[in-house]
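Below, each chain spelled out in residue letters.
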Amino acid sequence: MKKFNLFAAAVAVSVLGGAAVSCNKTETPAPVEKNLPELKDVTVTPGSTETITFYAYGAWTVEVDKTWCTPDKTSGEKGDNTINFEVADAFEAAETAKVTLTIGEDKDVVTFNITRSAKEREFAVTSSTDGSSVAELVFGEDAKSVEIKVKANFWWQLDAADDCNAQWPLWLSKPSPRFEGKASDIVTVTLTVDEEQLPNFYDSKEGVIWFNDVENPAVKYSINVKHTFEKPEFLSSDRGTSLKVSKDLCFYGADGKASTDKSVSFKLTPEGSEVLYVPFMYYQIYYPSCTDPKYPFLKTLATLRDLPNDGVRWIDMQTVTKDKEYKLEIIPGSAPLASGNPPFNFVTSKVYIFMVPASVYGTYQPNASGTGQMQGKFFDLSNSAEPVVLESMQKYLIEVTLDL
């Protein structure tokens, strides 16, 4: 009988046991090399795109805490990656967006900042002649039209539409179509006085025009405008409207001294829509040796340029019409002192010449009947011995006094 070697058996069991344990052992996986990207802060201009590249050891996501910075993708896989960040083009102050990149199952986080620089509106109005900056547009006799250049970094329109909120100066013609320009365009703008409307605004000399941001109507830029036009005198001459004639039938000058001039020219500037004017003439006469009240202080004559030869014709007026402007010449006649109705002589001491529009004279005409009926429109006749020209008629009056 063989002997059982207990020691050998134990050794064998131990060896076999060890081999079994060795066969069932689990290996530990090698650690992942993360190599997290190092992303630096950047500053960008509005309207631009910022591109970043990085390697991700695993799947990733990205978030931005500002809406004006938009990535073209928000997630990706392991490997080399590119993200384009689009920065909105806006007129805003400088601002920073925080970008958070999260990578892998361990949620490793990498952050960096994208700072958008400030963008301000730029609006410039310059002279078309010398390029100087313009703060005010001035219109006058020598500048009925003004040309400027406008440049901005936004889309603008000149607020001259019929439905505009701002009050367009009515003495300026409204451009049609309205002027406008896109960002960086240089636009020539020409503005012109509305000469038809101007007579209604001689006392309203200043105004404002507005340039609006089309994409943001709340933003407006203004330029002051004004005109230097003075209201023209309805009747004007270098001697005024009160004339005096010497005994030798020459007009006194503006200096008050007798001249050798036998006529005076007047400019008549029509008002508003008035274009038709008719002269009415009245003679002021007196009787040196008579106090009889039967003789009226005012004597009306038939017509202006074809007066009857009654001995008192000493003044005439010639009219020339050109482009709604009248030239009037007053020329004395030859007999300022004449014989009236016997037995009295009378003297012509003053002549009233009224240049009146159709709206005033209506259906009356400057003949013997019409001129007589119009007296009440021109004079206060409450005292027939001292008739007074009504204040409302003064602007139509040329008054000629004879130096007796």
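Every value quoted in this text rests on a predicted model; they were computed, and no experiment measured them. Within any chain, residue numbers begin from 1 and follow the written order of that chain's sequence. Local features in a predicted model are, by the rule used here, given only for residues with pLDDT of at least 70; side-chain atom pairs are given and counted only at 80 or more, and totals for whole chains, interfaces and linings are based on all residues. Excluded from the side-chain calculation are hydrogens and water; included are all heavy atoms of the structure.

### Some details on the overall build of the protein chain
Turning to step 1, where the next piece is worked out: Numbering of helices and strands starts at the N terminus; helices are DSSP runs of H or I of at least 4 residues and strands are runs of E of at least 2. Each helix and strand counted, the protein chain has four helices and 28 strands in total.
Turning to step 2, where the next piece is worked out: Relative accessibility thresholds used throughout: buried, under 20% of the residue-type maximum; exposed, over 50%; partly exposed, between the two (1.4 Å probe, protein chains only). Each of the 404 residues in the protein chain was classed as buried or not, and the buried ones make up 38%.
Turning to step 3, where the next piece is worked out: Long-range contacts, defined here as pairs at least 24 residues apart, represent 64% of the contacts in the protein chain between residues at least 6 apart.
Turning to step 4, where the next piece is worked out: Only the protein chains shown count as cover for residues, with accessible areas throughout obtained via the Shrake-Rupley method and a probe of 1.4 Å. When the accessible surface of the protein chain is split by element, carbon and sulfur atoms take 49% of a total near 23800 Å². Two residues qualify as a contact provided that any one of their heavy atoms is within 4.5 Å of a heavy atom in the partner residue.

### Side note on unusual backbone geometry
Turning to step 1, where the next piece is worked out: Ser 176 connects to Pro 177 through a cis peptide bond whose omega is 0°.
Turning to step 2, where the next piece is worked out: The phi angle at Lys 107 is positive, at roughly 55°, despite the residue not being glycine.
Turning to step 3, where the next piece is worked out: Its place among the elements puts Lys 107 in the loop between β7 (95-103) and β8 (108-116).
Turning to step 4, where the next piece is worked out: A residue is classified by how much of its surface remains accessible, and Lys 107, at 59% relative accessible area, is exposed.
Turning to step 5, where the next piece is worked out: The backbone of Ser 184 shows a phi angle near 75°, a positive value even though the residue is not glycine.
Turning to step 6, where the next piece is worked out: As for its position among the elements, Ser 184 is in the loop between β13 (180-181) and β14 (186-192).
Turning to step 7, where the next piece is worked out: Ser 184 sits in the exposed class, given a relative accessible area of 52%.

### Section: the pairing of strand β11 (residues 145-152)
Turning to step 1, where the next piece is worked out: In β11, alternate side chains face the same way, and those of Val 146, Ile 148, Val 150 and Ala 152 are buried while those of Ser 145, Glu 147, Lys 149 and Lys 151 on the opposite face are not.
Turning to step 2, where the next piece is worked out: Whether two strands pair depends on DSSP finding at least two bridges between them. Sheet topology note: the strand β9 (residues 123-127)/β11 ladder contains five bridges and is antiparallel. Of the residues in β11, the one forming a bridge with Thr 126 is Lys 149.
Turning to step 3, where the next piece is worked out: As defined by bridge partners, β11 adjoins β14 across seven bridges and the pair is classed as antiparallel. Across the sheet, the residue bridging to Ser 145 is Thr 192, located in β14.

### A closer look at the sheet that holds β9
Turning to step 1, where the next piece is worked out: Within the open sheet, the three strands sit side by side as β9-β11-β14. Their pairing is antiparallel. What marks the edges here is a single partner per strand, and that holds for β9 and β14. The average undirected angle you get between the axes of adjacent strands in this sheet is 30°. Fitting a line to C-alpha atoms yields each axis, with helices limited to the stretch in contact; the angle taken between N-to-C directions then spans 0 to 180 degrees.

### Some words on the sheet that holds strand β6 (residues 79-87)
Turning to step 1, where the next piece is worked out: Pairing in this open sheet of three strands is antiparallel, and the strands run β2-β6-β4 from one edge to the other. The sheet is open, and its two edges are formed by β2 (49-56) and β4 (69-71), each paired on a single side. When the angles between neighbouring strand axes are averaged without regard to direction, this sheet yields 25°.

### Brief notes about the nonpolar core
Turning to step 1, where the next piece is worked out: Within this scheme, the nonpolar core is defined by two criteria: the residues are buried Ala, Val, Leu, Ile, Met, Phe, Trp, Tyr or Cys, and they are joined through side-chain atoms within 4.5 Å. Counting 32 residues, the largest nonpolar core has Phe 280, Tyr 282, Phe 354, Val 356 and Phe 378 as the members making the most contacts within it.
Turning to step 2, where the next piece is worked out: Contributing elements (two or more residues each) for this core: β18 (242-245), β19 (264-268), β20 (277-286), β25 (345-357), α2 (358-361) and β28 (397-402).
Turning to step 3, where the next piece is worked out: In this structure, Phe 354 is in contact with Val 278, Pro 279, Phe 280, Tyr 282, Phe 378, Phe 379, Val 389, Met 393, Tyr 396 and Leu 397, ignoring residues within four places of it in sequence.
Turning to step 4, where the next piece is worked out: With 28 residues, the next largest nonpolar core counts Leu 137, Ile 148, Ala 160 and Tyr 202 among its residues.

### Side note on the environment of Glu 230
Turning to step 1, where the next piece is worked out: Mapped onto the secondary structure, Glu 230 falls in the loop between β16 (216-227) and β17 (235-236).
Turning to step 2, where the next piece is worked out: Ignoring sequence-local partners within four residues, the contact set of Glu 230 consists of Tyr 202 and Lys 205.

### Points about the packing of aromatic side chains
Turning to step 1, where the next piece is worked out: Geometry of aromatic contacts follows a simple scheme: Phe, Tyr and Trp rings, the Trp one being its six-membered ring, pair when their centres are within 6.5 Å, and the pair is stacked under 30 degrees between planes, edge-to-face over 60, tilted otherwise. On inspection of all chains with the given rule, the structure shows 18 aromatic pairs.
Turning to step 2, where the next piece is worked out: The interplanar angle of 45° and the centroid separation of 6.1 Å between the aromatic rings of Phe 280 and Tyr 361 together place this pair among those described as tilted. Residue Phe 280 is found in strand β20, and its partner Tyr 361 is found in helix α2; the two are separated by 81 residues along the sequence. Comparing Phe 280 with Tyr 361, the two get one shared label, buried.
Turning to step 3, where the next piece is worked out: Three or more aromatic residues joined by ring pairs form one cluster here, namely Phe 280, Tyr 282, Tyr 352, Phe 354, Tyr 361, Phe 378 and Phe 379.
Turning to step 4, where the next piece is worked out: Counted as over-ring charges are cases with an Arg CZ or a Lys NZ within 6 Å of the ring centre that also lie within 35 degrees of the ring normal. Positioned above the aromatic ring of Trp 68 is the side chain of Arg 116, whose terminal nitrogen or guanidinium carbon lies 4.6 Å from the ring centre.
Turning to step 5, where the next piece is worked out: The positively charged end of Lys 244 is found above the aromatic ring belonging to Tyr 252, 5.0 Å away from the centroid.

### Let's talk about the confidence of the model for the protein chain
Low-confidence regions, as indicated by low pLDDT, have predicted coordinates that should not be scrutinised in detail.
Turning to step 1, where the next piece is worked out: The pLDDT value tells you how sure the predictor is about a given residue, anywhere from 0 up to 100. Summarising the model, the protein chain shows a mean pLDDT of 80, and 74% of its residues fall at 70 or more.
Turning to step 2, where the next piece is worked out: This model gives residues 1-23 a pLDDT under 50, and the stretch forms one contact once residues within four places in sequence are excluded.

### Details of the side chain of Asn 153
Turning to step 1, where the next piece is worked out: Mapping Asn 153 onto the fold places it in the loop between β11 and β12 (156-158).
Turning to step 2, where the next piece is worked out: The buried category is assigned to Asn 153, whose relative accessible area is 18%.
Turning to step 3, where the next piece is worked out: Here Glu 122 takes part through its backbone nitrogen, which lies 2.7 Å from a polar atom of the side chain of Asn 153.
Turning to step 4, where the next piece is worked out: In this structure Asn 153 touches Phe 91, Lys 119, Glu 120, Arg 121, Glu 122, Ala 183 and Ser 184, once residues within four positions along its chain are discounted. Pairs of N or O atoms within 3.5 Å make up the polar contacts considered here, provided that, within protein, one atom can donate a hydrogen while the other can accept it, and that residues adjacent in sequence are counted only when both atoms are side-chain atoms.

### Digging into the pattern of salt bridges
Two side chains of opposite charge can pair, provided their charged atoms sit close to one another.
Turning to step 1, where the next piece is worked out: Salt bridge criterion: a side-chain nitrogen from Lys or Arg within 4 Å of a carboxyl oxygen from Asp or Glu. For the coordinates displayed, the defined rule picks out 12 salt bridges.
Turning to step 2, where the next piece is worked out: With its nearest N and O atoms 3.8 Å apart, the salt bridge here joins Asp 65 to Lys 66.
Turning to step 3, where the next piece is worked out: For Lys 350, the salt bridge is made with Glu 399, and the minimal N-O distance between the two is 3.9 Å. Taken together, the residues span a long stretch of sequence, with Lys 350 in strand β25 and Glu 399 in strand β28 at a distance of 49 residues. With respect to burial, Lys 350 and Glu 399 carry one shared label: buried.

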